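Fold and geometry: a report
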Amino acid sequence: MKTLAQKSIVVLYDGACPTCIKDRHLYEKLAGFNNELIQWRDFNNHGALLVEFEISPLDAMYELHLIIDNQVVVKEIDAYIVLLKHITWLKPLAWFIQVPLIKRPLSKYYRYRVQKRLTRTGRI
């Protein structure tokens, strides 16, 4: 059985969002060699993936989605946890944010920030 570090990950990100692009570049820099199994796909240009995995374009805008080993979809804070686990020195942070007392408010804050960004940029 493959470990998480051995599984391929497709990250569906919003290529129309400057913040998302900046976050992608920061992640790639931090992940370094651990980034080899991670493929970044702008969901605006990969609609077939959205259809195949039954992700609405609106959901893709509101939540980060990962497709792991071309089988499982992970989204929102859980997606960030998976990505953080690929960066050795950020694994403790991944563990910390999955604690329910941390994860719930963080998830709420995440949704608030995304809503604010999409409203500010006129995308919704």
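Below is a short write-up of the structure. Going along each chain's sequence as written, the residues are numbered from 1 onward. Predicted model: local features are reported for residues with pLDDT of at least 70 only, side-chain atom pairs are reported and counted for 80 or more only, and whole-chain, interface and lining totals are derived from all residues. With hydrogens and water set aside, each side-chain value is computed from the structure's full complement of heavy atoms.

Turning to the overall build of the chain, a few remarks are in order. Scanning the chain for helices and strands turns up six helices and four strands. Starting at the N terminus and walking to the C terminus, you meet the elements of the chain as β-α-β-α-α-β-β-α-α-α. In this treatment the radius of gyration is a C-alpha quantity, and the globule benchmark scales as 2.2 Å times the residue count to the 0.38 power. Its C-alpha radius of gyration of 14 Å places the chain within 12% of the 14 Å reference for a compact globule of 124 residues. Taking all 124 residues of the chain together, 37% fall into the buried category. Excluding contacts between residues fewer than 6 apart, the proportion of contacts in the chain whose partners are at least 24 apart in sequence is 60%. The Shrake-Rupley method, run with a 1.4 Å probe, gives the accessible areas here. Residue values count only the displayed protein chains as cover. Roughly 7,800 Å² of accessible area belongs to the chain as shown, and the carbon and sulfur atoms make up 60% of that amount. Working convention for charge: Lys and Arg count positive, Asp and Glu count negative, and His plus the chain ends are omitted. Each charge is placed at NZ for Lys, CZ for Arg, CG for Asp and CD for Glu. In the chain, which carries 18 positive and 12 negative side-chain charges, the distance between the mean positions of the two groups comes to 8 Å. Put simply, DSSP H or I for four residues or longer makes a helix, DSSP E for two residues or longer makes a strand, and each gets a number counted from the N terminus. For every residue, the accessible area obtained with a 1.4 Å probe (protein chains only) is divided by the maximum for its type, and the residue is called buried under 20%, exposed over 50%, and partly exposed between those limits. In what follows, a contact means two residues having at least one pair of non-hydrogen atoms within 4.5 Å.

Bringing the packing of aromatic side chains into the picture now. Pairing of aromatic rings covers Phe, Tyr and the six-membered ring of Trp, with a centre-to-centre limit of 6.5 Å; geometry is then stacked below 30 degrees between planes, edge-to-face above 60, and tilted otherwise. Counted according to the given criterion, the structure contains four aromatic pairs. Ring centres 6.3 Å apart and planes at 35 degrees place the aromatic pair Tyr109 and Tyr112 in the tilted group. Taken as a pair, Tyr109 and Tyr112 lie in helix 6 (residues 100-120) at a separation of three residues, close to a single helical turn. Judged by its relative accessible area of 49%, Tyr112 is partly exposed. An aromatic cluster is present here, built from Tyr13, Tyr27 and Trp40 joined pairwise through their rings.

To obtain each axis, a line is fitted to C-alpha atoms, and for helices this fit is confined to the stretch in contact; angles are then taken between N-to-C directions over 0 to 180 degrees. Following both chains from N to C, one finds helix 4 (residues 76-84) and helix 6 inclined at 110 degrees, their axes separated by 9 Å at the closest point. Classified by the angle their axes make, helix 4 and helix 6 are roughly perpendicular. Along the contact surface, helix 4 presents Glu76, Ile77, Asp78 and Tyr80, while helix 6 presents Lys103, Leu106, Ser107, Tyr110 and Arg111. Polar here means any residue outside two lists: the nonpolar Ala, Val, Leu, Ile, Met, Phe, Trp, Tyr, Cys and Pro, and the charged Asp, Glu, Lys and Arg; Gly therefore counts as polar. Split by residue class, the contact of helix 4 with helix 6 holds four nonpolar, one polar and four charged. Each angle receives one of four descriptions, namely roughly parallel if under 35 degrees, roughly antiparallel if over 145, roughly perpendicular if within 65 to 115, and oblique otherwise.

Secondary-structure assignment places Glu36 in the loop between helix 1 (18-31) and strand 2 (38-42). With 30 residues separating them in the primary sequence, Glu36 and Gln6 have C-alpha atoms 9.7 Å apart.

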